[in-house]
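One letter stands for each residue in the lines below.
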Amino acid sequence: MPDSQTPETAALDPVLSKVLEAVPFQLTAEGGPEATRRRFRDLPRPELHPEVRAEDRTLDGPGGPLPIRIYRPADAGSDALPVVLFFHGGGWVVGDLDTYDGTARRHAAVVGALVVAVDYRLAPEHPYPAAVDDVWAATLWVAAHAAEFGGDPDRLAVAGDSAGGNLAAVVALLARDHGGPALRRQLLWYPATTWDVSLPSFTENAHAPVLDTPSVKEFSRWYAGHVDLATAPATLIPARAESLAGVAPAYVAVAGHDPLRDDGIRYGELLTAAGVPVEVHNATGLVHGYLGYAGVVPAATEACDRALLALRAALT
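Reading guide: rules and limits
- The residue numbers shown here count from 1 along each chain, following its written sequence.
- Since the coordinates come from a predicted model, pLDDT governs what is reported: local features require at least 70, and pairs of side-chain atoms require 80 or more to be given and counted, while whole-chain, interface and lining totals use all residues.
- Computation of side-chain values covers all heavy atoms of the structure but excludes hydrogens and water.
- Here a strand is any run of E in DSSP of at least two residues, a helix any run of H or I of at least four, and the numbering for each starts at the N terminus.
- Our radius of gyration is a C-alpha quantity, and the globule rule it is checked against amounts to 2.2 Å times the number of residues to the power 0.38.
- In this analysis, two residues are considered to be in contact whenever any of their non-hydrogen atoms come within 4.5 Å of each other.
- Per-residue and other accessible areas were derived by the Shrake-Rupley procedure at a 1.4 Å probe size, with only the shown protein chains allowed to occlude residues.
- Strands pair, by our definition, only if DSSP identifies at least two bridges between them.
- Working convention: axes come from line fits to C-alpha atoms, limited for helices to the stretch in contact. Angles between N-to-C directions cover 0 to 180 degrees.
- UniProt positions are given in the numbering used here, feature names are shortened, and annotations may be inferred rather than shown by experiment.
- In predicted models, pLDDT denotes the confidence assigned by the predictor to each residue on a 0 to 100 scale.
- Any residue under 20% of the maximum accessible area for its type is buried, any over 50% is exposed, and the rest in between are partly exposed; the area is computed with a 1.4 Å probe on protein chains only.
- Classification remark: right-handed applies to a crossover when, strands pointing away from the viewer, the course from the first strand over the helix to the second runs clockwise.
- Definition used in this section: a nonpolar core is a set of buried Ala, Val, Leu, Ile, Met, Phe, Trp, Tyr and Cys residues joined via side-chain atoms within 4.5 Å.
- The salt bridge definition used is simple: a Lys or Arg side-chain nitrogen within 4 Å of an Asp or Glu carboxyl oxygen.

### Notes on the overall build of the chain
Next up, step 1: Secondary structure assignment for the chain yields 9 helices and 8 strands.
Next up, step 2: Relative to the 2.2 N^0.38 estimate, which gives 20 Å for 316 residues, the radius of gyration of the chain is 18 Å and therefore close to what a compact globule would have.
Next up, step 3: Seen along its three principal axes, the alpha-carbon backbone of the chain occupies a region of about 50 × 45 × 40 Å.
Next up, step 4: Put simply, 79% of the contacts in the chain that link residues at least 6 apart link residues at least 24 apart.
Next up, step 5: Taken as a whole, the chain presents about 12400 Å² of accessible surface, with 53% of it coming from carbon and sulfur.

### Section: the sheet that holds strand β2 (residues 64–72)
Next up, step 1: With respect to topology, 8 strands assemble into an open sheet ordered β1-β2-β4-β3-β5-β6-β7-β8, the strand pairing being mixed. Of all the strands in the sheet, the pair left with one neighbour each is β1 (53–61) and β8 (278–287). Across this sheet, the average inter-strand angle for adjacent strands is 20 degrees, counted without regard to direction.
Next up, step 2: Both β1 and β2 contribute to a ladder of 9 bridges, which runs antiparallel. Among the inter-strand pairings, Arg57 is bridged to a residue of β2, identified as Ile68.
Next up, step 3: Across the sheet, helix α4 (residues 130–145) touches β1, β2, β3 (81–87), β4 (114–118) and β5 (151–161), and the angle it forms with β3 is around 170 degrees.

### Some remarks on the UniProt feature "domain: Alpha/beta hydrolase fold-3" (unreviewed entry) in the chain
Next up, step 1: Under the local residue numbering, the UniProt record ascribes the feature "domain: Alpha/beta hydrolase fold-3" (unreviewed entry) to residues 84–291.
Next up, step 2: Between the first and last C-alpha atoms of residues 84–291 the distance is 16 Å; the span itself is 35% helix and 21% strand.

### With respect to the environment of Val115
Next up, step 1: With respect to the helices, strands and loops of the structure, Val115 is situated in strand β4.
Next up, step 2: Through-space distance from the C-alpha of Val115 to that of Leu173 is 20 Å; in sequence the pair is 58 residues apart.

### Some thoughts on the confidence of the model for the chain
Next up, step 1: Across the chain, pLDDT averages 95, with 98% of residues at or above 70.
Next up, step 2: Low confidence marks residues 1–6, where pLDDT is under 50. Its contacts with residues over four positions away, or in another chain, come to 11 contacts.

### A few points about the pairing of β5
Next up, step 1: The element β5 is largely enclosed, with a buried count of 9 among its 11 residues.
Next up, step 2: Bridging between β5 and strand β6 (residues 185–189) involves 5 bridges; their strand directions are parallel. Each residue of the ladder has a partner; that of Ala157, found in β6, is Arg185.
Next up, step 3: Handedness of the crossover joining β5 and β6 through helix α5 (residues 163–177): right-handed.

### Considering the nonpolar core
Next up, step 1: Formed by 115 residues in total, the largest nonpolar core has its most connected members in Val84, Phe87, Leu167, Trp189, Tyr223, Leu236 and Tyr290.
Next up, step 2: Contact partners of Tyr223, with chain neighbours within four places excluded, come to Trp92, Ala123, Pro127, Tyr128, Ala131, Val132, Leu167, Trp195 and Leu236.

### Quick look at the side chain of Asn166
Next up, step 1: Tracing the chain through its elements places Asn166 in helix α5.
Next up, step 2: Sequence-distant contacts of Asn166, defined by excluding residues within four places in its chain, comprise Trp92, Pro191, Ala192, Trp195, Leu236 and Pro238.

### Describing the environment of His207
Next up, step 1: With respect to the secondary-structure elements, His207 resides in the loop between α6 (200–204) and α7 (213–224).
Next up, step 2: Judged by relative accessible area, His207 falls into the exposed class, the value being 73%.
Next up, step 3: When the C-alpha positions of His207 and Asp258 are compared, they lie 9.1 Å apart, and in sequence the two are 51 residues distant.

### Describing the pattern of salt bridges
Next up, step 1: With the rule as written, the count across this model stands at 16 salt bridges.
Next up, step 2: Ionic pairing is found between Glu218 and Arg221, a salt bridge with its closest N-O pair at 2.5 Å. Taken together, the positions of Glu218 and Arg221, both in helix α7 and 3 residues apart, correspond to about one turn of that helix.
Next up, step 3: In this structure Arg221 comes out as partly exposed when scored by relative accessible area, which is 46%.
Next up, step 4: Linked through salt bridges whose partners overlap, the residues forming this network are Asp56, Arg69, Asp98, Asp101 and Arg105.

### Some details on the environment of Leu140
Next up, step 1: Following the sequence through the fold, Leu140 ends up in helix α4.
Next up, step 2: Given a relative accessible area of 39%, Leu140 falls into the partly exposed group.
Next up, step 3: C-alpha of Leu140 to C-alpha of Ala175: the two residues are 35 residues apart in sequence and 9.1 Å apart in space.

Spelled out as structure tokens, the structure:
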């Protein structure tokens, strides 16, 4: 459940504030998809965990070749390792294997797991359900082939941030509904799960750093503007599932200065009501996308590693 001892929002972390002043960034749809991707791609990124080995592969995906990248921690021995499928964020519009390379490496290093990052198709060129089809196909492939690259198919988890958190929650539902693959945990970083912009954080953080409410709406339109949200399925809006009972235990990480804060908190409440073990952690002084500041901003590093150590424990 959410941490009850802290307010939903605290002052913006002072170190993060200085970093944002030095390297300002706002994830906006201004200029169209390609301009949005270029701005995101051009962000400076620290080199993280170069000791983690990476191997690129291509799967036969639902829409053609589907790139994945398999990360192996440096201290991996000969024993089979747990496997984490990682789905990147970016509003279903931006992001790829390279822009999320450091984040995937951190997951591998801290969790002590093989991490399989999936380069799913992006909107608006490939709107919903293309991304869902890709990450589900990758999940099935990993479950079937994990042993071939040193993974333990009995210790699988999914993780994703923002749009990737939406996709991870969807995969957890699909895995339950299809009778597998069995997932030990779903790690949802500031996910989009309810699509309910009437939640207070969408107003309180309407003009937040990094991500604001107008951008949330525009990215959602690019991804699923063709879908009638009144009747949208759970593969778009996981909170709409007829039941959440029986999905993998969850860790939901949210940030105080994020329009999506209450979305993640609400999903945690729904999971709890369905009897699913869940931990919700609110990093009250941080912003949407704080994974990208891990290793630079101590509060982001702490919040990141807190969740990853919980995932490590779940996969032991």
